[in-house]
Structures are given as structure tokens and as C-alpha cells.
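# Geometric and topological summary
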Amino acid sequence: MGLSQTLLFYVLVCVHLGVSQILRLRPSPSDHLPVPDLREDPDPEYDPREQDLAERTLRKKLGSNFDPNFMSISQPVLVNLSASDNHVKMLGPMPNEIKKLDLTETPYGKRVKVGKKARRKFLQWLWTYTHCPVVYTWKDLGVRFWPRYIKEGNCFSERSCSFPEGMSCKPVKSINKVFLRWYCQGFLRQKYCTWIQVQYPIISECKCSC
């Protein structure tokens, strides 16, 4: 599914009028990932209380949507990896369009002799140079999301992915992960708050593009 078809169940407006808070939720397609930070009403009256954060209850409410590979209840232990480490780790298998490149023919019809070893090294260099890995980092969504921490994807962007330079890595696919969102409506003293399920899109694939 393309990013333009991804539905972002995201809080779009958070208005505090005197003693009331209005939260509007609606599906909204987006080509801009990762998701920007949400502007929250800072009033702690709209935060979940300690009794609202019972792990057992929230796990049951989230059910099979809990994915420990992409979400964490407590602050994850961060491992510092260089961009080159991430790039090599996520290189993966060489795509067929590179494997099948014919290096013996030039655009002018003249054939060039290329040894097997030289061909293998050149294709590996080309794949490494043009590959666009998804680099994941942990993000704190705040106390009004559960689980609070999400492993968010970003496209590798430290250099151009084309030769000659000019193209860059851009997202082409995303996956949705379901989180719980603390949602309040009504007046401050008569407000009703509860956990609702929302979908949070995460970049899952990047490609070298103009």
C-alpha cells in the first residue's frame, strides 16, 4: 500500500477553550512520514492517572496488536550504531534488476569484456551505493499513548544514493501499528476520558528517487 493510501488515525486539532477540550479524530492520508510530533494541550488534567496505566488492563485492551518489535512500555536501552553499521546491517539480498545488469554492452553497441570477479565486485558496489535502508530509532510519544515508545523508521539520508549524485532515499511503503490513545471529551469537571485504538504509520521501505 502506497503512502498516499495510508490512513493516519491521528489527533489533528487539540483546542483548550476555558474549561473544555475538543479532540477531533479523523482518517487523513499523508505522503509525509515519519509522523510529525503532535501538539498536545499541556494541562495535566488531560493526562491518564496512575490507575489508568495498569499494564495488565492495557495489554488486554490492545490485544494481539501489541508488537514488541516496534513498541515498548518502558524506555528502551539505546544502542548507538553508526550510519555505516545500519547501512551494512540492512543491506539485504541484491535485487534482480542489479543482478541481471549486462555490463558487456555499451549504449553504442560496442561490447566490453568483464571478468566474473570484476563484475561481482562492481555489482556489489553498485548495490551498496544505491541501497536505501530504513534506519530505526526509538521515539517517546508521551504519556497519552500506550505503549509510550515506538520504533520509528527513517530513510537513510546522509548522502545521495545515485551516481552521479542528485537522487535521495525516499519512503515508498509504510505499515500501520495500533496503539492506545488517551482521549478526553466534555467539560473539564464533567469530562469523560478513555483509551481508544489509533493506527500509527511507520516507514517500512525506502527507494532511491528523484
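Residues numbered from 1 in each chain as written. Predicted model: local features only at pLDDT ≥ 70, side-chain atom pairs only at ≥ 80, totals over all residues. Heavy atoms only, no water.

Cut-off, in case you're wondering: UniProt positions are given in the numbering used here, feature names are shortened, and annotations may be inferred rather than shown by experiment.
As annotated in an unreviewed UniProt entry, the chain carries the name Noggin and comes from Takifugu bimaculatus. The Subunit (unreviewed entry) field of the UniProt record for the chain holds the comment "Homodimer." In UniProt, the chain has this text filed under Subcellular location (unreviewed entry): "Secreted".

### Section: the side chain of Lys-139
Operational definition: Strands are runs of DSSP state E lasting at least two residues, helices are runs of H or I lasting at least four, and both sets are numbered from the N terminus onward. We define a polar contact as two N or O atoms separated by no more than 3.5 Å, with the added condition that, inside protein, one atom must be a possible hydrogen donor and the other a possible acceptor, whereas residues neighbouring each other in sequence contribute only through side-chain atom pairs. Working rule for contacts: check all heavy atoms of both residues, and any pair within 4.5 Å makes them a contact.
Position of Lys-139 among the secondary structure elements: in strand 4 (residues 134-140). Polar side-chain contacts of Lys-139 include one of 3.2 Å to the backbone oxygen of Val-35. If we skip the residues at most four places from it in the chain, Lys-139 touches Val-35, Pro-36, Asp-37, Arg-148, Tyr-149, Ile-150, Glu-152 and Tyr-200.

### Comments concerning the packing of aromatic side chains
Cut-off, in case you're wondering: Under the pairing criterion, centres of Phe, Tyr and Trp rings, with the six-membered ring standing for Trp, must be within 6.5 Å; the plane angle then separates stacked pairs below 30 degrees from edge-to-face pairs above 60, leaving the rest tilted. Counting as a charge over the ring demands two things of the Lys NZ or Arg CZ atom: a distance within 6 Å of the ring centre and an angle within 35 degrees of the ring normal.
Overall, the coordinates contain six aromatic pairs when judged by the stated rule. Over the ring of Phe-66 we find Arg-59; its NZ or CZ atom is 4.2 Å from the centre of that ring.

### Some details on the state of the cysteines
Put simply, the rule is: Here, two cysteine sulfur atoms that lie within 2.5 Å of each other are counted as a disulfide.
With the rule as written, the count across this model stands at four disulfides. Disulfides within the chain link the bonded cysteines, taken in sequence order, as 1-4, 2-7, 3-8, 5-6. Among the cysteines around Cys-210, which has no disulfide bond, Cys-208 carries the closest sulfur, lying 8.1 Å off.

### A look at the pattern of salt bridges
Defined as follows: Here a salt bridge means any side-chain nitrogen of Lys or Arg lying within 4 Å of a carboxyl oxygen belonging to Asp or Glu. Accessibility here uses a 1.4 Å probe with only protein chains present; expressed as a share of the type maximum, an area under 20% marks a residue as buried, one over 50% as exposed, and anything in between as partly exposed.
Scanning the model with the defined rule gives nine salt bridges in all. Between Glu-45 and Lys-191 there is a salt bridge whose closest N-O contact spans 3.8 Å. A residue pair is termed long-range when its members are at least 10 positions apart, and Glu-45 in the loop between strand 2 (20-29) and helix 1 (55-62) and Lys-191 in the loop between strand 7 (168-185) and strand 8 (192-209) qualify at 146 residues. Among the residues examined, Glu-45 registers a relative accessible area of 45% and is labelled partly exposed. Of the residues examined, Lys-191 reaches a relative accessible area of 23% and is grouped as partly exposed.

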